[in-house]
Amino acid sequence: METAKYLLELHIDNDFECVQSLTWLRECVDKRRAKGKPVTVEHLAECSTMRKVIARGAKLVRTLEGRYVSNDEKRDTRYKYADNIINYC
């Protein structure tokens, strides 16, 4: 049985709007790095766009799977995606 965190990541990776938003965030990080400005995982994880992506994924889990995602799972997922964006760009 899948955990709510796994379902959240699955729906984020398969939703077009979430993928577009994450791509936009990657481009923003690249632009900031090109200008020589530092980007931290904490800053990216707490930005409004990342919160919207996670909220949309949680909504999909709730409507399609009938399960609720806890705040801790949402926070862990935000930091995971922020870390992936910063370290693998």
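If you're wondering where the values come from, they're calculated on a predicted model, not measured in any experiment.

**Details of the nonpolar core**
Soluble globular proteins: nonpolar side chains tend toward being buried together. Of all hydrophobic cores here, the largest spans 22 residues; its most connected members are Leu8, Ile12, Leu22, Leu25, Leu44, Met50 and Ile85. Contributions of two or more residues to this core are made by α1 (4-14), α2 (16-34), α3 (41-45), α4 (48-65) and α5 (71-87). Aside from chain neighbours lying at most four places away, what touches isoleucine 12 is Cys18, Val19, Leu22, Val53, Ile54, Gly57, Thr77 and Tyr81.

**Examining the pattern of salt bridges**
Scanning the model with the defined rule gives 7 salt bridges in all. A salt bridge links lysine 80 to glutamate 9, with the nearest nitrogen and oxygen atoms 3.0 Å apart. Residue lysine 80 is found in helix α5, and its partner glutamate 9 is found in helix α1; the two are separated by 71 residues along the sequence. Between arginine 56 and glutamate 17 there is a salt bridge, with the nearest N and O atoms lying 3.5 Å from each other. With arginine 56 in helix α4 and glutamate 17 in helix α2, this pair connects stretches of sequence that are 39 residues apart. For arginine 56, a relative accessible area of 30% gives the class partly exposed. When its relative accessible area of 47% is taken as the criterion, glutamate 17 is described as partly exposed. Here the salt bridges share partners, and the residues they tie into one network are Asp15, Glu17 and Arg56.

**A short note on α2**
What sets the pattern is the α-helix's 3.6 residues per turn: residues three or four places apart point alike. With 19 residues, α2 should reach 27 Å at 1.5 Å per residue; the first-to-last C-alpha distance of 27 Å fits that figure. Considered for burial, the residues of α2 that qualify are Cys18, Leu22, Leu25 and Val29. The buried residues of α2 occupy an angular sector of 55 degrees when projected down its axis, which confines them to one face. Pointing more than 90 degrees away from the buried face of α2 are the exposed residues Phe16, Lys31 and Ala34. Residues of α2 that are buried in the fold lie against α1, α3, α4 and α5. Downstream of α2 by one or two residues, glycine 36 has phi in the positive range, about 85 degrees.

Quick notes on the rules
All residue numbers refer to position in the chain's written sequence, counted from 1. In keeping with the predicted nature of the model, local features appear solely for residues at pLDDT of at least 70, side-chain atom pairs appear and are counted solely at 80 or more, and the whole-chain, interface and lining totals rest on all residues. Calculated side-chain values reflect all of the structure's heavy atoms, with hydrogen atoms and water omitted. Nonpolar cores were defined as sets of buried Ala, Val, Leu, Ile, Met, Phe, Trp, Tyr and Cys residues, with membership established by side-chain atoms within 4.5 Å. Here's how the labels work: a residue is buried when its accessible area is under 20% of the maximum for its type, exposed when over 50%, partly exposed in between, all with a 1.4 Å probe on protein chains only. A run of H or I in DSSP counts as a helix once it spans at least four residues, and a run of E counts as a strand once it spans at least two, with each numbered from the N terminus. Pairs of residues are marked as contacts when any of their non-hydrogen atoms sit within 4.5 Å. A carboxyl oxygen of Asp or Glu within 4 Å of a side-chain nitrogen of Lys or Arg is what we treat as a salt bridge. Multiply 1.5 Å by the residue count of a helix minus one, and that product is the helix's expected span. Think of the arc as the fan of directions from the helix axis to the C-beta atoms.

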